[in-house]
Amino acid sequence: MAACHVVFFPFTAYGHLIPMADMAVLFASRGLQTTIITTPFNVHRFSKSIQKTTTFPHQIALHIIEGYENSDQIRSDESISNESISNFRESISMLQEPVEQFIQEYRPNCLIADMFYPWTTKMAAKFDVPRIVFHGSGFFPLCASESIRLYEPHKRVSSDSEPFIIPHLPHEIKLTRKQLPDLEAEIFKGFVEVIIESMKADETSYGVIFNSFNELEPEYVRHYREVMKRKAWHIGPVSLCNKNTDDKLERGKKAAIKEDECLRWLDLKPPNSVVYLSFGTLAEATTSQLHEIAMGLEACNENFIWVIKNEREGWMPEGFEARMKVNGKGLIITGWAPQTLILDHESVGVFVTHCGWNSVLEGISSGVAMVTWPVMAEQFYNAKLVTDILQIGVSIGDTEWSATASCDGVKREAVEKVVAKVMSAEEGEEMRKRARVLKEKAKMAVEDGGSSYLDLNDFIEDIKAFKSK
Ligand code: UDP
């Protein structure tokens with residue numbers, strides 16, 4: 001009998017592509033036949049994952065759509081601009097024909113396609129192939145955003161800074177209008193339709209697959225299934241399939257620091273004494289914000305690893321880098337950092353994060369406390385999960401949703417104060433204790449017999465049964 005064949009069609013942004021590559025590894029490790037559909041620009045981003053599967057019954061196959069180099073308009077290593085957003089819709093629909101050809105020819109057991117390809121549901125159905133949606137985020141953010149879409153509580157407050165409660169959720173969660181995207185803004189032209197279509201795709205698709213685990217957000221797993229009435233499986237944290245240093249080192253891009261330099265620096269620091277700061281792959285601090293962060297970090301006098309996505313001029317306080325080198329307090333990585341390798345080191349105790357879903361899950365999987373600094377996408381919801389529900393982090397303060405993924409406006413005093421709080425022996429340690437409990441639960445979830453392990457079993461059984469219907 002032919003092996004069950006699962007096809008993955010990831011979106012090009014790293015925050016969507018990295019977990020989908022991990023997911024493909026996970027499926028391949030269960031003996032399934034897996035294929036990733038991608039374009040020439042993105043193919044190198046999977047090469048490491050594929051090497052990992054050489055010992056499995058079926059290696060991950062790649063299906064490269066040739067001749068579509070220009071379709072990768074949103075390249076996650078570039079900044080977000082009006083131009084890139086307006087090209088977005090056109091570029092993703094260009095992939096429609098070649099993906100359809102592939103599905104028609106190979107008739108896999110299922111197609112797991114990113115939320116940004118809503119057209120895949122109907123297309124796959126033509127060939128009797130179930131389409132599964134992957135959002136790249138968790139149950140809580142999807143439940144919260146759906147509640148806002150349905151009940152529009154933000155329209156009943158009188159100002160952008162007046163808090164409103166997100167209705168009908170298991171917890172009382174407050175947000176302000178400033179923390180939501182303004183979908184009528186010029187920059188979203190052509191993009192809003194894709195988002196709306198992708199939300200509909202949740203209802204019309206066969207189901208939704210999550211990089212999450214039940215013990216993290218049990219009320220929202222239930223809410224999503226029972227109140228929102230969507231078929232869903234959780235199979236994460238998928239990053240935990242990267243077990244050795246090599247896998248962690250080259251997950252995504254090639255790291256801008258050598259493994260031994262990074263680990264040697266961390267090895268010299270006491271447990272839980274290092275603050276790790278990163279804003280992920282899209283968000284970026286302005287020059288003045290970089291300056292304020294530097295001043296705040298120096299003032300709180302903690303050890304830190306700080307990832308700065310792109311080389312920038314004119315932000316550094318005079319003598320800052322030299323002082324950090326001499327006293328060994330700070331390590332700046334310009335470019336790509338081996339994030340899970342760093343977070344997993346016992347010296348790291350705090351993660352200052354923009355709250356991308358992957359970063360939140362990776363932080364939880366490493367048992368660190370967090371400083372939440374959301375910038376865009378669903379990050380404001382993710383931040384609430386960390387601070388209000390899980391109580392393993394503290395908010396940096398009142399930041400605003402930014403369409404251009406720009407971090408700005410946080411003063412050095414706020415950085416100093418919040419970092420000190422999360423590093424503290426009292427409050428900080430309490431948060432770390434809770435985070436360590438979640439870390440253990442995350443590990444157990446993906447082990448044989450764990451909640452995510454079993455949900456993946458259910459998923460596989462369901463897909464196989466669909467084929468024989
Ligand atoms: N990442 C990394 N090194 C970096 C920046 C990002 O390994 O220097 C990884 C990170 O571990 C995570 C992903 O890229 O898996 C970023 O996804 P996330 O959802 O956190 O944020 P996004 O970049 O999508 O905003």
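Residues numbered from 1 in each chain as written. Predicted model: local features only at pLDDT ≥ 70, side-chain atom pairs only at ≥ 80, totals over all residues. Heavy atoms only, no water.

On to the environment of Asp128. Mapping Asp128 onto the fold places it in the loop between helix 5 (120-126) and strand 5 (131-134). The class for Asp128 is exposed, based on a relative accessible area of 53%. (Helix = DSSP H or I, 4+ residues; strand = E, 2+ residues; numbered from the N terminus. Buried < 20%, exposed > 50% of the residue type's maximum accessible area, 1.4 Å probe, protein only.)

Another aspect to go through is the packing of aromatic side chains. Evaluated as defined, the whole model comprises 22 aromatic pairs. With a centroid separation of 5.3 Å and an interplanar angle of 80°, the aromatic rings of Phe8 and Phe27 are classed as edge-to-face. Of this pair, Phe8 sits in strand 1 (residues 5-9) while Phe27 sits in helix 1 (residues 14-29); the two residues are 19 residues apart in sequence, bridging distant segments of the chain. An aromatic cluster is built from Phe8, Phe27, Tyr206, Trp233, Phe459 and Phe466, whose rings are joined through pairwise contacts. (Phe/Tyr/Trp six-rings, centres within 6.5 Å; stacked < 30°, edge-to-face > 60°.)

It is worth spelling out unusual backbone geometry at this point. Residue Pro237 follows Gly236 across a cis peptide bond; omega there is 0°. Structurally, Pro237 can be placed in the loop between strand 9 (232-234) and helix 9 (245-249). Here Ala405, not a glycine, exhibits a phi torsion of approximately 60°, which is positive. For Ala405, the location among the structural elements is in the loop between strand 16 (393-395) and strand 17 (406-407). We classify Ala405 as buried; its relative accessible area is 1%.

Around the ligand sit 18 residues, and of these Thr281, Ala337, Asn358, Ser359 and Glu362 come closest. Protein coverage of the free-state accessible area of the ligand, which is 540 Å², stands at 94%. Take the shell around the ligand: its biggest share by element is four residues, from helix 14 (residues 357-366). When grouped by side-chain class, the residues that make up the shell around the ligand number six nonpolar, 10 polar and two charged. (Near = heavy atom within 4 Å. Areas by Shrake-Rupley, 256 points an atom, 1.4 Å probe, with all protein chains shown as cover. Nonpolar A, V, L, I, M, F, W, Y, C, P; charged D, E, K, R; others polar.)

The next subject is the sheet that holds strand 12 (residues 303-308). Spatially, the six strands line up as an open sheet ordered 13-12-10-14-15-16, and their pairing is parallel. Either end of the sheet is taken by a strand with one partner, and the two such strands are strand 13 (330-334) and strand 16. Sheet twist, expressed as the average angle between the axes of neighbouring strands with direction ignored, equals 15°. Across five bridges, strand 12 lies against strand 13 in parallel orientation. Within the sheet, the bridge partner assigned to Trp306 lies in strand 13 and is Ile332. Where helix 10 (residues 259-267) meets the sheet, its contacts fall on strand 10 (274-278), strand 12, strand 13 and strand 14 (348-353), and the angle it forms with strand 12 comes to roughly 155°. (Pairing = 2+ DSSP bridges. Axes fitted to C-alpha atoms, helices over the stretch in contact; angles between N-to-C directions. Contact = heavy atoms within 4.5 Å.)

For any two helices packed against each other, the geometry is given by the interaxial angle and the distance between the axes. It is the contact of helix 11 (residues 287-300) with helix 16 (residues 412-423), at a shortest axis distance of 7 Å, that shows an interaxial angle of 40°. Regarding the angle of helix 11 to helix 16, the classification is oblique. Once helix 11 is placed against helix 16, the crossing between them reads as right-handed. Of helix 16, the residues touching helix 11 (which contributes His291, Glu292, Ile293, Met295, Gly296, Leu297, Ala299 and Cys300) are Arg412, Val415, Glu416 and Val419. Tallied by class, the residues present in the contact of helix 11 with helix 16 amount to seven nonpolar, two polar and three charged. (Parallel < 35°, antiparallel > 145°, perpendicular 65-115°, else oblique. Left-handed = near helix turned anticlockwise from the far one by under 90°.)

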